[in-house]
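Residue-level structure breakdown
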Amino acid sequence: MAYESIPLEAFHETFKSNTELSSVALGGKVVKVSDEFFAEAFHLLEVEPAPSLKGQFGPNGALYSGWESRRHNPSYDWCIIKLGTLGTVVGFDIDTSHFNVGNEAPEVSVDGIIDSSLDEHNVDNAKWTEILPRVPLGPSKRHLFKIPETEQVKFVKLNMYPDGGIARFRVYGNVAPVQPDSPQEVFDLAHVFAGGRVTFMSDQHFGVGANLILPGRGKDMGDGWETKRSRQKGHKDWVIIKLGAPGHLGTVEIDTAHFKGNFPESCELHALCSEDEIPDSDAVDWTQILSPVKLGPHRRHLFALDADVSVAYTHVKLTIYPDGGIKRVRIHGTKGFCPTADLAVRPTDTAENDAATPLESAPVAMKQVKTIPVLPLTPEAFSPFGQVIQAYGDHAAAPPGTKITPANQGSATKFHKLSLLKSSYPADLGASSGLSVYRCNPTKVVNGGVELKVVERHPYTNQAFIPMGGGGIQGDEALKEPGNAYLVVVAHNGADDKPDFSTLRAFVASAGQGIMYNTAIWHQPMTVLYKPMDFTCVETQIGNGDKADCEILDLEASEVVILALPRH
């Protein structure tokens, strides 16, 4: 079979649009190996480059980060690898780093199984097809090989002649996308298993951009996208993601897992429809779908997108300010049609890739009114409307500037002044601050949705609600089986002194989260899900039912909104 040796300096240009199909980050794994006496074959698929273990020894001899077999093999050694996802193969990176003259593998070849129906239990009897002929290797060096694109492959076999050591083995190719058949089904359009690809990065000094669309949340900062520190005022970095299919975009998840002191201060998102692989970053066609929002450390941030629901987009551009690291980006939406794009999706008859299921909103089969998604509550997403009141097991995950100290002789941790009480009542109204308790019964949920019919605001004070939990002492009047989730629905005031429904946002909060509504923020009256809940309310009020305490607005039938709850 034909192949081409590629110089190391041409690596990026050669494989920039391909995916490392064998990576353990995608789920690649070793399923069988002929011999791994000196070093285990699982090292072959690790993400990080092989470190030097010079001078370190184990029971069987010198230690290496790689695969090393015994000496004196009369034939050859082999290792069978299940790729992380079904795909076509276009090349390899076979790395013998730190295997110096005398113990590197002298020659290798690679076979593949061109039968996607087989699983790892019957590879022994499969028909292997050579996809890289026998080629020579040298000591402590990366060897790049490009081959004609194969048919879809799930398993490859690395053959080593006759024995020796290989540090890393990377298989590059193109993912066979797995996407829903229904145009109404929400999925992550950017996910690598759906065919998404990161096609441009302004910088990837500490972590590569392609990590953003990998499955899972990773294991440390090394498997996210991280840019170098900026020294210039107004600096920004960005990535462009080509979606697996043109789509109508609904929500985005931006995950800063493990980035605790080096997360971006803020970010924004743009989208366009283009037939170009890498659209011009400064093109006027980019449409802003997420205005600049604050980000926090080590958590998932979910935001509703301001994307035109009638437009299908092919690319998104994530811009971070001024620099930093992000672990994953999930773009949730449905498939659509973009007239300028030619994105042919190769169908598959398997969903074994197990692409990350988005935290999507359930379809609501109700009357045709405006529907907005209900997203998990985070301090950053809620910050334009108020504050989230909660503790943090990992103190580094608390919002920047939070004062945290030991308390109660070390038996407690105090998170200081997460929100301050504010009141602007005229002095002659006689308002005072106090604590009240609300016992809330669960709202009606129909087909995964809740109707928003009423909103209210408090013109002169902010207002906090803190879940109280349940009882357990005999005779206690507290709820015995309280709920653990409630809705937080907010909007800014509009020019007509009514809610600006273009700013309407809906969140689901847990029983471990309290909230403080800013003064005069329109919000849904306290609404709990599935089971009753008790709340302590901290507020300033006159207490006579005056409109100065609480202004209530019943929405017109045309203004009613469906709040689509998360499925899980």
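Structural data are supplied above this passage.
Notes on the structure in this doc start here. (Residues numbered from 1 in each chain as written. Predicted model: local features only at pLDDT ≥ 70, side-chain atom pairs only at ≥ 80, totals over all residues. Heavy atoms only, no water.)

1. Regarding the pattern of salt bridges
Taken as a whole and assessed by the stated rule, the structure comprises 23 salt bridges. Linking Asp203 and Lys228 is a salt bridge whose minimum nitrogen-to-oxygen distance equals 2.4 Å. Placement of the pair is Asp203 in the loop between strand E15 (197-201) and strand E16 (225-226) and Lys228 in the loop between E16 and strand E17 (237-255), with a sequence separation of 25 residues. A salt bridge links Asp220 to Lys219, with the shortest nitrogen-to-oxygen separation between them at 3.1 Å. (Salt bridge = Lys/Arg side-chain N within 4 Å of Asp/Glu carboxyl O. Helix = DSSP H or I, 4+ residues; strand = E, 2+ residues; numbered from the N terminus.)

2. Description of the sheet that holds strand E34 (residues 514-517)
Strand order in the open sheet formed by five strands is E25-E34-E31-E37-E28, and the pairing between neighbours is antiparallel. Where the open sheet ends on each side, the last strands, each with one partner, are strand E25 (386-389) and strand E28 (432-440). Taking the axes of each pair of neighbouring strands and ignoring which way they run, one obtains an average angle of 15° across the sheet. Pairing of E28 with strand E37 (residues 533-541) involves nine bridges; the strand directions are antiparallel. (Pairing = 2+ DSSP bridges. Axes fitted to C-alpha atoms, helices over the stretch in contact; angles between N-to-C directions.)

3. Some points on the state of the cysteines
According to the stated counting rule, one finds one disulfide in the structure shown. One disulfide bridge connects Cys273 with Cys338, the sulfur atoms lying 1.1 Å from each other. Here the residue Cys273 occupies a position in the loop between strand E18 (266-272) and strand E19 (287-294), and Cys338 occupies one in the loop between strand E23 (328-335) and strand E24 (370-376), the gap between them amounting to 65 residues. Residue class for Cys273 comes out partly exposed when judged on its relative accessible area of 27%. The structure places no disulfide on Cys440, whose sulfur is separated from the nearest cysteine sulfur, that of Cys537, by 9.7 Å. Note on Cys440: relative accessible area 8%, which makes it buried. (Disulfide = S-S within 2.5 Å. Buried < 20%, exposed > 50% of the residue type's maximum accessible area, 1.4 Å probe, protein only.)

4. Some words on empty space enclosed by the protein
Taken as a whole and assessed by the stated rule, the structure comprises one cavity of 30 Å³ or more. Elements represented by at least two residues in the lining of the largest cavity include exactly strand E32 (485-491) and strand E35 (522-523). When residues in the lining of the largest cavity are grouped by element, the largest group, three residues, is from E32. Looking at the lining of the largest cavity residue by residue, the class counts come to eight nonpolar, two polar and no charged. (1 Å grid on protein atoms, 1.4 Å probe; cavity = no way out; pocket = protein on both sides within 12 Å on 5 of 7 lines; lining within 4 Å. Points joined across faces, edges and corners; volume = space filled by probe spheres on them. Nonpolar A, V, L, I, M, F, W, Y, C, P; charged D, E, K, R; others polar.)

5. Observations regarding the pairing of strand E8 (residues 107-112)
The element E8 is largely enclosed, with a buried count of five among its six residues. Bridge analysis of E8 against strand E9 (residues 129-136) gives five bridges, and the strand direction is antiparallel. Considered in E9, the bridge of Val110 is made with Leu132. Examined bridge by bridge, E8 and strand E11 (residues 152-161) share six bridges and lie antiparallel to one another. From the neighbouring strand, Ser109 faces E11, where its bridge partner is Asn159.

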